[in-house]
Amino acid sequence: MQPAGAGRRTWGALPPGMERRRAPAANRRYRQRRFWDGLYRREGAEPREWLGALRRFLPHLQPELRPADRILVLGCGNSALSHDLYELGYINVTSIDYSPACIAAMRTRYACCPSLHWAVMDIRALAFPDATFDVVLEKGTLDVLMVEETDPWNVSPQATATMHRVLAEVSRVLRPGGCFISITFAQPHFRKPHYAQEAFGWSLRHIACGDRDAGTFHYFLYVMRKGQPLDPTDLALGRHLHQPPPPPDPPPPPAPPDDEDYLFAIQL
């Protein structure tokens, strides 16, 4: 999956003299609560599926789940994911979103399912005790942390720090042996360095998924198992994320004067 030349890039480092471009202004709205509140007031709990419905990735997800698992869904939105899990027998599901309008709509829509729990919460500061959940699941939520980034090879320190903060919270609320499952369009060479941090105390693997139709986008399912070690290759990726940028190349030597006669300068 790694493009040619990927090993020569330094994560977070920009070439000398190059400034970080600005993301389109429209992208910033995805980081704003008022945008999501307005969306959910208009749509209510009518399902909207980012990256597709549960059936699309269930064959890869189901081996990681047990009926008795305590499951946390991050950034649930108005996806039917939590209810679809409930219908399959995974009844202990807690879903959070930082939009009050979203949670109010979902709580009303699924009031007939008393073991589905809904809460307004920021994924950067989870209000749960340590080791509360067997499974933490997100589908496209962490992608929102990157919407203002213009170069996936050079993620800003702010976005990197926010991602780390969220993942540290996920690790904290996972019980030993539990797993974090992340479903995203982000390719491994862009996303794995963020997930492969030794401080989180989990292993990491990924599966490429997608429809067989030509031209369709693939997505990736990352599985992190709490209490298992990282593969050395992944560990190196994680360490590379925080390496300081290399020193700039020395300036080139000055060009010779334009009026120099090169023919007479040749020593015969």
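What counts as what
Residues numbered from 1 in each chain as written. Predicted model: local features only at pLDDT ≥ 70, side-chain atom pairs only at ≥ 80, totals over all residues. Heavy atoms only, no water. Helix = DSSP H or I, 4+ residues; strand = E, 2+ residues; numbered from the N terminus. Buried < 20%, exposed > 50% of the residue type's maximum accessible area, 1.4 Å probe, protein only. Contact = heavy atoms within 4.5 Å. Areas by Shrake-Rupley, 256 points an atom, 1.4 Å probe, with all protein chains shown as cover. Pairing = 2+ DSSP bridges. Axes fitted to C-alpha atoms, helices over the stretch in contact; angles between N-to-C directions. Polar contact = N/O pair within 3.5 Å; in protein donor to acceptor, adjacent residues only side chain to side chain. Phe/Tyr/Trp six-rings, centres within 6.5 Å; stacked < 30°, edge-to-face > 60°. Salt bridge = Lys/Arg side-chain N within 4 Å of Asp/Glu carboxyl O. Expected span 1.5 Å × (residues − 1).

Focus on the overall build of the protein chain
No. 1: Secondary structure assignment for the protein chain yields nine helices and seven strands.
No. 2: For the protein chain, with 268 residues in total, the buried portion stands at 47%.
No. 3: Long-range contacts, defined as pairs at least 24 residues apart, comprise 75% of the intrachain contacts of the protein chain with a sequence gap of at least 6.
No. 4: As presented, the protein chain carries roughly 14700 Å² of accessible surface, and 56% of it is formed by carbon and sulfur atoms.

Here we look at the sheet that holds strand 1 (residues 71–74)
No. 1: Pairing is mixed across the open sheet formed by seven strands, whose spatial order is 3-2-1-4-5-7-6. At either end of the open sheet lies a strand with only one pairing partner, and these are strand 3 (116–120) and strand 6 (205–209). Direction aside, the axes of adjacent strands within the sheet are offset by 20° on average.
No. 2: When strand 4 (residues 133–139) meets strand 5 (residues 174–184), the two strands line up parallel, connected through six bridges. Across the sheet, residue Phe 133 finds its bridge partner in strand 5, namely Leu 174.

Points about the pairing of strand 7 (residues 219–225)
No. 1: Across the seven residues of strand 7, six count as buried, placing the element largely inside the fold.
No. 2: Both strand 5 and strand 7 contribute to a ladder of six bridges, which runs antiparallel. Bridge pairing in strand 7 places Ile 181 opposite Val 223.
No. 3: Across five bridges, strand 6 lies against strand 7 in antiparallel orientation. Across the sheet, Ile 207 pairs through a bridge with Leu 221, a residue of strand 7.

Structural notes on the environment of Ser 99
No. 1: Within the secondary structure, Ser 99 sits in the loop between strand 2 (93–97) and helix 5 (100–109).
No. 2: Distance from Ser 99 to Ala 119, taken between C-alpha atoms, is 9.4 Å for residues 20 residues apart in sequence.

Considering the side chain of Asp 69
No. 1: Tracing the chain through its elements places Asp 69 in the loop between helix 3 (54–61) and strand 1.
No. 2: On the basis of relative accessible area, Asp 69 is assigned to the buried category, the value being 2%.
No. 3: Engagement of the side chain of Asp 69 in a polar contact is seen with the backbone nitrogen of Arg 66, the distance being 2.9 Å.
No. 4: Setting aside chain neighbours within four positions, we find Asp 69 in contact with Glu 64, Asn 92, Asp 134 and Val 135.

Brief notes about the packing of aromatic side chains
No. 1: Inspection of every chain in the model, using the stated rule, returns eight aromatic pairs.
No. 2: Between the aromatic rings of Phe 200 and Trp 202, the centroid separation amounts to 5.1 Å while the plane-to-plane angle is 50°, which identifies the pairing as tilted.
No. 3: A relative accessible area of 1% means that Trp 202 is categorised as buried.
No. 4: Aromatic side chains Phe 220 and Tyr 222 sit 6.5 Å apart centroid to centroid with 40° between the ring planes, which places their arrangement in the tilted category. When sorted by exposure, Phe 220 lands in the same class as Tyr 222, which is buried.
No. 5: Aromatic rings pair up to connect Phe 180, Tyr 195, Phe 200, Trp 202, Phe 220 and Tyr 222 into one cluster.

What about the pattern of salt bridges?
No. 1: Inspection of every chain in the model, using the stated rule, returns 11 salt bridges.
No. 2: Measuring nitrogen to oxygen at the nearest pair gives 2.3 Å for the salt bridge that ties Arg 175 to Asp 134. With Arg 175 in strand 5 and Asp 134 in strand 4, this residue pair connects regions lying 41 residues apart in the sequence.
No. 3: Given a relative accessible area of 7%, Asp 134 falls into the buried group.
No. 4: Between Glu 198 and Arg 239 there is a salt bridge, with the nearest N and O atoms lying 3.6 Å from each other. Of this pair, Glu 198 sits in the loop between helix 7 (188–195) and strand 6 while Arg 239 is found in helix 8 (residues 232–241), placing the two residues 41 residues apart along the sequence.

Digging into helix 6 (residues 157–173)
No. 1: Between its terminal C-alpha atoms helix 6 stretches 25 Å, which fits the 24 Å expected from 17 residues at 1.5 Å a residue.
No. 2: Of the positions making up helix 6, those classed as buried are Ala 159, Thr 160, Thr 162, Met 163, Val 166, Leu 167, Glu 169, Val 170, Ser 171 and Val 173.
No. 3: In this structure, the buried residues of helix 6 make contact with strand 1, strand 4, strand 5, helix 7 and helix 8.

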